Amino acid sequence: MEELLSKIAHCVEFGKVDKTAPYPPDMKGQEGADELTKQAIEQGIPAETILKEALVIGMDKVGVKFSEKKIFIPQMLMSAKAMNAAIEHLKPFFQSGEVKRKGKFIIATVQGDLHDIGKNLVKMSIEGAGWEVIDLGVDVKAEKVIASIEQNPGAIVGLSALLTTTMANMKNSVADIKAKYPESIVMVGGAPVSQGFCNEIGADFYAPDPQAAVAFLKAK
Amino acid sequence: MVTGILFETDCKNKLIVANRENVLKLLGYTDIVDEHVKELVIDLIQLSKANINPWGGFVLKQINKVVVPEGKIYIDDLFFEVNKTIAAQLRKAEYLAFFICTIGNSIERTSKEYLSKGDLLEGYIFDLIGSESAENLAEVVHQEVMEYAQSGGLQISNRYSPGYCNWDVSEQFKLFSLFPSEQIKIKLTDSALMNPIKSVSGIIGIGRDLKFKPYSCKLCSDEKCIYRNKK
Ligand code: B1M
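Residues numbered from 1 in each chain as written. Chains lettered and ligands numbered in written order. Predicted model: local features only at pLDDT ≥ 70, side-chain atom pairs only at ≥ 80, totals over all residues. Heavy atoms only, no water.

J.: When you look at the pairing of strand β4 (residues 72–75) of chain B in this model, what are you seeing that I'm missing?
T.: Regular strands place their side chains on alternate faces of the sheet. Residues and elements named next belong to chain B. Alternating positions in β4 separate into two faces, Lys72 and Tyr74 on one and Ile73 and Ile75 on the other, with burial throughout. In terms of strand pairing, strand β3 (residues 65–67) meets β4 through three bridges, oriented antiparallel. Of the residues in β4, the one forming a bridge with lysine 65 is tyrosine 74. Counting the residues that bridge the hairpin from β3 to β4 gives four residues, and of these glycine 71 lies at a positive phi of roughly 70°. The pairing of β4 with strand β5 (residues 78–81) spans four bridges and is antiparallel. Bridge pairing in β5 places lysine 72 opposite glutamate 81. Taking the residues that link successive antiparallel strands as the turn, the β4-β5 hairpin has two residues, and the phi of aspartate 76 there is positive, at about 45°. (Buried < 20%, exposed > 50% of the residue type's maximum accessible area, 1.4 Å probe, protein only. Helix = DSSP H or I, 4+ residues; strand = E, 2+ residues; numbered from the N terminus. Pairing = 2+ DSSP bridges.)

See the structure below:
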């Protein structure tokens, strides 16, 4: 069991998705996260064990290497793809409640803003850290976020904005969310957002990048 | 100089799609490049060519005055609060070329399709190709403004955009008010966002005694910009 788990972690760390994937070149033709996770389930390894002792461990290593600048965004994205391939096999266990994820995270690009790519990178990293992410998309009004908190009590909220004009909407959204759910935790991010702005609008955490977002959630 | 009318840029025949080295740099690579990624970038740039539908145009306006201490440029009955840094660069300008350009939304759609299929690296690379191509298109528009100015014996400045160098992005509303809305291929939303996303707007100074000064990251305070000191 241990060997299989460490093989899966290795595939996630190095971005080996499945047998047909050409990447990374030194693992060409070998089984990837997809096949190995399937085998692990067939062998009766609990899904929770696969998640915590293989996938999250693999992604943790990726996070460390990325922040030490030993790998670049492409490797990180390939790892996330491998992780997603494995997660597909675990989905039935999430749905049945057999496996509990670390928590729920609602993510949205604020009203008036259509930028997507930054939010998606954050989403992917948080999923990789073992959280369930509810992605509300772009141009999201505060009411929609509030409705999602209603459906997912205790979920942490993440808001993204890429223009100074839409940062004003971020401020309003945080105010509306906090008015309805004062105990809710709201994280903010995006190119023009800063720690100062986060303090000013009463958000709980400013994440300059996906790694900071994951580190914050880990500490929760 | 013919002022007040829209000059559409002839961008169809000029090189716009991103170049490989720039995309690799934006992915973080400086000297050692992952071969797999390099090949992927080459393939995706090739695929992107059909996905770029460039459109651009500019409108010339005579400047009434540039007041550097106020950071303002006066034109017709409008003034642009461009901030002192930009005003200083345009002190000697007699005209301003206001430009807007876009590569369309096809690349953005392709990027989203890849991301939603789970092909994260491909989706991200398409997005970078789109950003680089939009910048290249702005360069093409810049060249056309230069050719037009030089045909009248005038020089041009570098280009400056609302949202950069502390020029507030909400000034996009004033800039767009100078364009005939029915003839342009970009929509400005209520939050001053251009749609398609891969669009650029800005101004270029024109005048007899104007000098082109290269853009310097020192002018900008965005320490975490992915372009910082990369070019
Ligand atoms: C919930 O928790 C979290 C936590 C972390 C979170 C988070 C949420 N959300 C994001 N993060 C963080 O994690 C992500 C992954 O690392 C990151 O997400 P990002 O989305 O920031 O990162 C992307 C993955 C990669 N980054 C990007 O794609 C943006 C990079 C920069 C250089 C940039 C680019 C490439 C472009 N731009 Co321009 N552009 C800039 C950017 C400067 C920068 N800081 O890098 C920014 C965003 N642009 C700006 C501006 C002003 C503009 N741009 C414009 C145009 C363009 C291009 C077309 C040339 C191009 C593509 C734009 C696009 N968004 O697709 C114009 C607007 C376009 C529009 N549609 O309206 C224009 C208005 C300029 C003009 N007048 O033409 C500035 C916005 C700030 C402001 N003043 O409002 C800007 C910050 C640059 C600056 N230094 O001032 C983090 O921010």
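J.: Help me out: how do you make sense of the confidence of the model for chain B in this one?
T.: Low pLDDT means the predicted coordinates in that region are not meant to be read closely. Predicted confidence across chain B gives a mean pLDDT of 92, with 94% of residues reaching 70 or more. Prediction confidence for the complex, expressed as pTM and ipTM, is 0.94 and 0.94 respectively. (pLDDT = per-residue confidence, 0-100.)

J.: Whenever I open this one, unusual backbone geometry confuses me. Can you help?
T.: With glycine set apart, most residues show a phi of negative sign, and most peptide bonds adopt trans. A cis amide bond links Tyr23(A) to the next residue, Pro24(A), at an omega of -10°. The residue Pro24(A) is located in the loop between α1 (2–14) and α2 (33–42) in this model. A cis amide bond links Asn195(B) to the next residue, Pro196(B), at an omega of 0°. Relative to the helices and strands, Pro196(B) is located in the loop between β9 (194–195) and β10 (199–207). Notably, Ala192(B) is not glycine yet its phi reads approximately 65°, a positive angle. Within the element layout of this structure, Ala192(B) appears in the loop between β8 (187–188) and β9.

J.: Teacher, can you tell me more about the interface of chain B and chain A here?
T.: Interface size is often expressed as the accessible area that is lost when the parts come together. Facing the 25 residues of chain B at the interface are 28 residues of chain A. A combined buried area of about 2,200 Å² lies between chain B and chain A, and 69% of that area is made up of carbon and sulfur atoms. A salt bridge links Asp116(A) to Lys112(B); the nearest nitrogen and oxygen atoms lie 3.8 Å apart. If you list the elements that add at least two residues to the side of chain B that touches chain A, you get α2 (35–48), α4 (106–117) and α5 (120–151) of chain B. The element that contributes the greatest number of residues to the side of chain B that touches chain A is α5(B), accounting for five residues. Residues belonging to the side of chain B that touches chain A are distributed by class as follows: eleven nonpolar, nine polar and five charged. (Contact = heavy atoms within 4.5 Å. Buried area = accessible area lost by both parts, 1.4 Å probe. Salt bridge = Lys/Arg side-chain N within 4 Å of Asp/Glu carboxyl O. Nonpolar A, V, L, I, M, F, W, Y, C, P; charged D, E, K, R; others polar.)

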